[in-house]
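Each chain, written out:
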Amino acid sequence: MNHSPIPESPQEQNLLLGEHTLGLLDPEREAEVRAWIERDDEAARMALRWQQHWLSVSDRLPPEPASDSLWKRIDASLTRLKQTPTPANDTGGAPAPQAPWLWRWLGGGLGLGLGAGLALALAMQVGPFAPQSPQDGTPPVANEVPESSAQRMVAVLQTLEDPATPTWVASVTAGGGLQLTPNVTIERPTDRAIELWTLTDPAEGPRSLGLVDPVAGIELSAEQIGRMSPGQLLEMTLEPSGGSPTGKPTGKVLAIGRLVNLGQIDS
Amino acid sequence: MPAHTTPVSSQDPDDFDHASAIEACALGDETAFRRLYDLESGRMLALAMRLLGSRDQAEDAVHDAFIKLWSNAGQYRRELGNGRAWLFTILRYRALDQLRAQGRTPRGDSEALDSLADLLANPEAAAHDSQTAHQLSDCLGELEAPRREPILLAFFKGLTHEQIAEKLSAPLGTIKGRIRAGLKRLQECLSR
C-alpha cells in the first residue's frame, strides 16, 4: 500500500499521531510512524501528549485486581533479564558463553553453508533487485554496504531440523529495506508469535526486527533495519504472543540464515 | 476473577512521580519498579482486558509491558512527556501488537457501544480525573455519536479502520473521515 509522506503541517501531524495512538494505522503506516517518533523528538512529544489525554478515558475503567501469579511471573522474568548479559549491565569482558541466544548467533553448530547456493536459486524466484544506481567500480568497504544499498542481498532462512529446505527468503530491497517472504507456511500455536531478529554486533547481541506475519511475511524500512551487511544473520524464533518479554530471543529457533551479496556474483 | 489477587491501589496516580520512578528503574531500583506495578497494574490490566478480551492475554500484555519498562527505562526522557503516558504507551503497543499477531481479530466485540459511551458519563470516575485528562474525556463525551463511536471502538477494542467500517456497516472512507473529523474536534476542544 502506498502512503503519503509524513505531513508537514503540525495539525496534520498531530491528527496522524492521534490515529497512531488509537492503533488505527495499517502495519506499514504504523511502522513508518513509529520510525518517525524514534527520530523526531517533536513527534514523540505529540504522541505522548495524545497518550496522556487518552489516559483520562482508560482511567474511567474500574481497575482489575491482578492475579498473584502475574507479579511472580514478572519477578521471575526480571531475574532472568538481570542474568542476561547486555551492554547496560555487562560492559566489559567477553560475552558469557552460556547465553543460549548468543551461542546461536555466533553460529555454533549451524549448517549454514547451503545458504549461498540456495540464495542464488531463490533469487530467480524472487526476482532481481535492480540497483538504484550503477556500480561505479569502487569496491565496497569489506563487509559493509554502501549508503545507497545498491547491493543485491538475499538470505535464505533454513530450519535447524531440515537445513536443505529453504523456509523463508529475506531480500534487501533497492531502497535498503528488508522484505521477508514465506516459501513454506510455518505452523505455530495460536498463542505464540514469530519474531524476527538480526545480529550486527555480537557484543550487542540480537536485535528484534519485530513480529512476523506467518502468511504475509514482513517488510521493513531501511530505517527500521539499519545497515545490512553480507554475512549478517537473520533468525526467526517462536515467542510468547506479543513478542519476547526479555528483548532477546527466548523460544525455539524456527529458521535462520545469513545475507549473501548477489551483486558480487554479477560483476 | 482469580482466587488470589493483588489489591488494586487506591492511590491517585496523579499523586505519584512516574518519571522519577522510571528513572530509578533505569538505575536498577527494584523498589521503584514494584511501586509502579502496585500503582498501575490494575488500571493497565483493565485496559488490556478491554483490548484483548481475555484476562490471560491481558496479563501477558501487562507482564510484557513491565519487562519492557525495566529494559527500556534508560530510554525514557522526561522532557518529551509524562512518565505515566510513556508506561501506557508501552502497554498499548504490546496489546495492539498481540492483536496484530493474531490477525487483529476483535475479541469480545459483542459489548454494546452504549456501555463504552457510558464510561464517559460516569461521574464517579470523572471525579478522579486530573485536570488535563478530565478535559479529553469531556471533549469525547461531547462529540456526536457518529464521530465518537468509531473512536471508542478503536480505543477500547483496538479495531482498525476496516473493522470499524464493517462493524458499523459504513463505507471505509466514511469511517476514516469521521475519525479524522472527531480527532480534529478533540484537538480544538483541548486547545480551548
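Residues numbered from 1 in each chain as written. Chains lettered and ligands numbered in written order. Predicted model: local features only at pLDDT ≥ 70, side-chain atom pairs only at ≥ 80, totals over all residues. Heavy atoms only, no water.

1. Some points on the packing of helix α2 (residues 30-52) of chain B against helix α3 (residues 55-72) of chain B
Residue and element names in this part refer to chain B. For the pair α2 and α3, the least separation of the axes is 8 Å and the interaxial angle reads 145°. Between α2 and α3 lies a crossing whose hand is right-handed. For the pair formed by α2 and α3, the contact residues are Glu30, Phe33, Leu36, Tyr37, Ser41, Met44, Leu45, Ala48, Met49 and Leu52 on the first element and Arg55, Gln57, Ala58, Glu59, Ala61, Val62, Ala65, Phe66, Leu69 and Trp70 on the second. A class-by-class count of the residues in the contact of α2 with α3 yields 15 nonpolar, 2 polar and 3 charged. (Axes fitted to C-alpha atoms, helices over the stretch in contact; angles between N-to-C directions. Helix = DSSP H or I, 4+ residues; strand = E, 2+ residues; numbered from the N terminus. Left-handed = near helix turned anticlockwise from the far one by under 90°. Contact = heavy atoms within 4.5 Å. Nonpolar A, V, L, I, M, F, W, Y, C, P; charged D, E, K, R; others polar.)

2. Description of the interface of chain B and chain A
Contacts between the two partners involve 76 residues from chain B, matched on the other side by 58 residues from chain A. Between chain B and chain A, roughly 6600 Å² of surface is buried when both sides are summed, and carbon and sulfur atoms account for 60% of that area. When the buried surface of chain B facing chain A is broken down by residue, His63, Leu80 and Arg180 of chain B rank first, second and third, together holding 11% of it. Between the two partners, chain B and chain A, sit 7 salt bridges. Between Asp41 of chain A and Arg77 of chain B there is a salt bridge; the shortest N-O distance is 2.7 Å. Connecting chain B to chain A are 22 residue pairs in polar contact (both at pLDDT 80 or more). (Buried area = accessible area lost by both parts, 1.4 Å probe. Salt bridge = Lys/Arg side-chain N within 4 Å of Asp/Glu carboxyl O. Polar contact = N/O pair within 3.5 Å; in protein donor to acceptor, adjacent residues only side chain to side chain.)

3. Description of the pattern of salt bridges
Residue and element names in this part refer to chain B. In the structure shown here, the tally under the stated rule is 20 salt bridges over all chains. Residue Glu23 is joined to Arg78 by a salt bridge in which the shortest nitrogen-to-oxygen separation is 2.8 Å. One end of the pair, Glu23, is in helix α1 (residues 18-26); the other, Arg78, is in the loop between α3 and α4 (83-101), with 55 residues separating them in the sequence. For the salt bridge of Asp64 with Arg94, the shortest nitrogen-to-oxygen distance reads 3.7 Å. Taken as a pair, Asp64 in helix α3 and Arg94 in helix α4 lie far apart in primary sequence, 30 residues in all. Take Asp64: its relative accessible area is 2%, and that puts it in the buried class. (Buried < 20%, exposed > 50% of the residue type's maximum accessible area, 1.4 Å probe, protein only.)

4. A word on the confidence of the model for chain B
In regions of low pLDDT, the predicted coordinates are not meant to be interpreted in detail. Across chain B, the average pLDDT comes to 83, with 79% of residues at or above 70. For the stretch residues 129-133 of chain B, pLDDT sits under 50, and the model shows 11 contacts to residues farther than four places along the chain or on other chains. (pLDDT = per-residue confidence, 0-100.)

5. A short note on the state of the cysteines
Residue and element names in this part refer to chain B. Enumeration over the complete set of coordinates arrives at 1 disulfide over all chains. One disulfide in the model links Cys139 with Cys189; its S-S distance is 1.9 Å. Taking the torsion about the sulfur-sulfur bond, which here is approximately -75°, the covalent link between Cys139 and Cys189 counts as left-handed. Taken as a pair, Cys139 in helix α7 (residues 131-142) and Cys189 in helix α10 (residues 172-190) lie far apart in primary sequence, 50 residues in all. As far as burial versus exposure is concerned, Cys139 and Cys189 are alike and both buried. (Disulfide = S-S within 2.5 Å.)

6. Comments concerning the packing of aromatic side chains
When we look at a pair of aromatic rings, we describe it by the centre distance and by the angle of the planes. Per the counting criterion, the structure on display carries 9 aromatic pairs over all chains. Each ring, one from Trp71 of chain A and one from Phe33 of chain B, has its centre 6.0 Å from the other, and the planes form 45°; the classification is tilted. With one member in each of two chains, Trp71 of chain A in helix α4 (residues 68-83) and Phe33 of chain B in helix α2 form a pair that bridges those chains. Pairing Tyr37 of chain B with Phe66 of chain B gives two aromatic rings, centres 5.3 Å apart and planes at 65°, and the pair type is edge-to-face. Placement of the pair is Tyr37 of chain B in helix α2 and Phe66 of chain B in helix α3, with a sequence separation of 29 residues. For Phe66 of chain B, a relative accessible area of 0% puts it in the buried group. One aromatic cluster is present, built from ring pairs that chain together Trp71 of chain A together with Phe33, Tyr37, Phe66 and Trp70 of chain B. Seen from the ring of Tyr93 of chain B, Arg34 of chain A lies directly overhead, with NZ or CZ sitting 3.7 Å from the centre. Across the ring face of Trp71 of chain A, the terminal group of Arg34 of chain B is positioned such that the distance to the ring centre comes to 4.3 Å. (Phe/Tyr/Trp six-rings, centres within 6.5 Å; stacked < 30°, edge-to-face > 60°. Lys NZ or Arg CZ within 6 Å of the ring centre and 35° of its normal.)

7. Some thoughts on α1 of chain B
All names here are of chain B. All buried positions along α1 are accounted for by His18, Ala19, Ala21, Ile22, Ala24 and Cys25. Residues of α1 that are buried in the fold lie against α2, α3 and α4. Residue Asp17 occupies the N-cap position of α1, its side-chain oxygen lying 3.4 Å from the main-chain nitrogen of Ala19. Trailing α1 by a residue or two, Gly28 shows a phi angle of about 90°, which is positive.

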